[in-house]
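Chains, contacts and geometry: an overview
Now for the letters of each chain:
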Amino acid sequence: SDGRPLTAGDFEYAWKRELNPANESPNAELLYDLKGARAFHLGETSDPNQVGVKAIDQLTLVVDLEEPAGYFLSLLAHECAFAVPRHAIEKLGLDWTAIGNIVSNGPFRLESWHPDKSLIMVRNELYQGIFQGNVQQLELTDVSRMEPLDRLALYEADQLDALIIPSIYVKDINQLRNKYPGEYFTSPRMSVEHLKFKTDRVPFDDWRVRVALAMAIDVEEYARIETGGADLPATGGFIPSSIPGHSPGIGLPYDPERACLLLAEAGYPDGHDFPEIRSLIFDPWISRFEYIKQRWRELLGVKIIWEARDRISSYQSRNDAILLVPDNWVADYPDPDNFLRTGILQKWTGWHNPAYESLLEQAKHSLDQSKRMDLYREADKILVEQAVVKPLRYGRSHRLVKPWVKTPLSVTKNDFKDVIIEPH
């Protein structure tokens, strides 16, 4: 946006900057497939030239991996792989992102920003990509602190051209869909809402307990009651239906009779002597997960206490005393690897299974995409049958879009450069 050409060197600099331990990037581990990346990030070597990425001229980037990684091209969709302007950062340091300083290379450039309120972007006339829309200025309004009705009031007053409906409010989707039949749009998200069990701690170290709790949840009823049918029940594996490698129908069935038998076999008939389980939960999710709490109490005699916290503290407070976590995993990159291997799944649950881990290693190293998907499906089946996690629903994006706003904004993602605003 300052007229300097974007080069392969900007990518090399960005990736090595991401891995520099001094910068404490939360996404650095995603680049560990690069040769020497782990050693550099962990401080085992201080030479960034040992990292397997090098610009050999302005237009050519050479990447060396530690070993084959069949998902690597998908990983490049993550922001950790985006270029940053070396010349601006080395000149201005952390101030390079300030208004008036920031250098970007997208179809729009930042003009003003009012934290927690709005930011305004204008068309970048130097942008070299295809720009099919007619938007010259774009204002993004932060409505996250507003009540749902206040957000809707802005939309109804034509102060917003589009309004994203957060997942915590999807229960109201049917009302909005009926009120604005031509303005409501939905599309799959790369996410799965689920329960995670800490498998190395009593009582969840017994697979029968986990399976019993999983089988006592009717995910179809859950999706219908708690999300108004707006999201898809997770009747398949942990890999959602929007991701390659999804396996429909492999989820543990709703079978309360079998659940009661398994719990009794594990030594807890009708929930007797079952320890009281405390779990932290993101505050707006409390009402949604009351369904699960009620079903477990009614069917199995198991008592769960949800403790409401804000999003940050609910994550920071997850310690050894927390044995059960309701969560929503959203993909970092569009590949099953990000759900089954690089997610926080195994780190938090303490679960290890040699067959599962072997399948993931084979899938990681295979460059045959069809074979990779088959391997991931096998691994996913082991994961859900062992009830390490209980998938609940596959996420969808929901939004209202004014009739004068034309695709693709109304369908899938924020391709603002291709949006056409018609006269109105």
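For the structure, see preceding data.
Okay, so let's go over this structure. (Residues numbered from 1 in each chain as written. Predicted model: local features only at pLDDT ≥ 70, side-chain atom pairs only at ≥ 80, totals over all residues. Heavy atoms only, no water.)

**Description of the environment of R189**
With respect to the secondary-structure elements, R189 resides in strand β7 (residues 184-197). Beyond its immediate sequence surroundings of up to four residues, R189 is in contact with S242, N328, V330, G395, R396 and S397. (Helix = DSSP H or I, 4+ residues; strand = E, 2+ residues; numbered from the N terminus. Contact = heavy atoms within 4.5 Å.)

**Examining the pattern of salt bridges**
Overall, the coordinates contain 20 salt bridges when judged by the stated rule. When the shortest N-O distance is used, the salt bridge between D337 and R341 registers 2.6 Å. For D337, a relative accessible area of 0% gives the class buried. Overall, R341 belongs to the partly exposed group, its relative accessible area being 25%. Of the charged contacts in the structure, one is a salt bridge between R377 and D374, with a shortest N-O distance of 3.2 Å. Of this pair, R377 and D374 both sit in helix α15 (residues 369-385), 3 residues apart, which is roughly one turn of the helix. In this structure R377 comes out as partly exposed when scored by relative accessible area, which is 31%. D374 gets classed as partly exposed once you look at its relative accessible area, which sits at 42%. Bridged by salt links that share partners, the residues D33, E67 and K364 form one connected network. (Salt bridge = Lys/Arg side-chain N within 4 Å of Asp/Glu carboxyl O. Buried < 20%, exposed > 50% of the residue type's maximum accessible area, 1.4 Å probe, protein only.)

**Quick word on the packing of helix α14 (residues 354-365) against α15**
Remark: α14 packs on α15, axes separated minimally by 9 Å, with the N-to-C direction vectors making an angle of 160°. Put simply, α14 runs roughly antiparallel to α15. The way α14 lies across α15 gives a crossing that is left-handed. Within the contact between the two elements, α14 uses A355, Y356, L359, L360, Q362, A363 and K364 and α15 uses R372, L375, Y376, E378, A379, I382 and L383. (Axes fitted to C-alpha atoms, helices over the stretch in contact; angles between N-to-C directions. Parallel < 35°, antiparallel > 145°, perpendicular 65-115°, else oblique. Left-handed = near helix turned anticlockwise from the far one by under 90°.)

**Re the pairing of strand β12 (residues 389-401)**
With 11 of 13 residues buried, β12 is to be regarded as a mostly interior element. Here strand β6 (residues 162-165) pairs with β12 via 4 bridges, running antiparallel. Looking across to β12, one finds that I165 is bridged to H398. Bridge count for β7 against β12 is 10 bridges, and the pairing is antiparallel. Bridge pairing in β12 places S187 opposite S397. With 2 bridges joining them, strand β8 (residues 232-233) and β12 adopt antiparallel strand pairing. Among the inter-strand pairings, L232 is bridged to a residue of β12, identified as Y394. (Pairing = 2+ DSSP bridges.)

**Some points on the packing of aromatic side chains**
Per the stated rule, a full pass over the model turns up 10 aromatic pairs. For the ring pair Y268 and F274, a centre distance of 5.0 Å and an interplane angle of 75° mean the geometry is edge-to-face. For the residue pair Y268 and F274, the accessibility class agrees, reading buried in each case. Here the aromatic cluster, defined as three or more aromatic residues joined through ring pairs, consists of Y222, F289, Y291 and W306. A cation over a ring is seen here: K198 above W348, with NZ or CZ 4.6 Å from the ring centre. Of note, K402 hangs over the ring of Y155, and the distance from its end group to the ring centre comes to 3.9 Å. (Phe/Tyr/Trp six-rings, centres within 6.5 Å; stacked < 30°, edge-to-face > 60°. Lys NZ or Arg CZ within 6 Å of the ring centre and 35° of its normal.)

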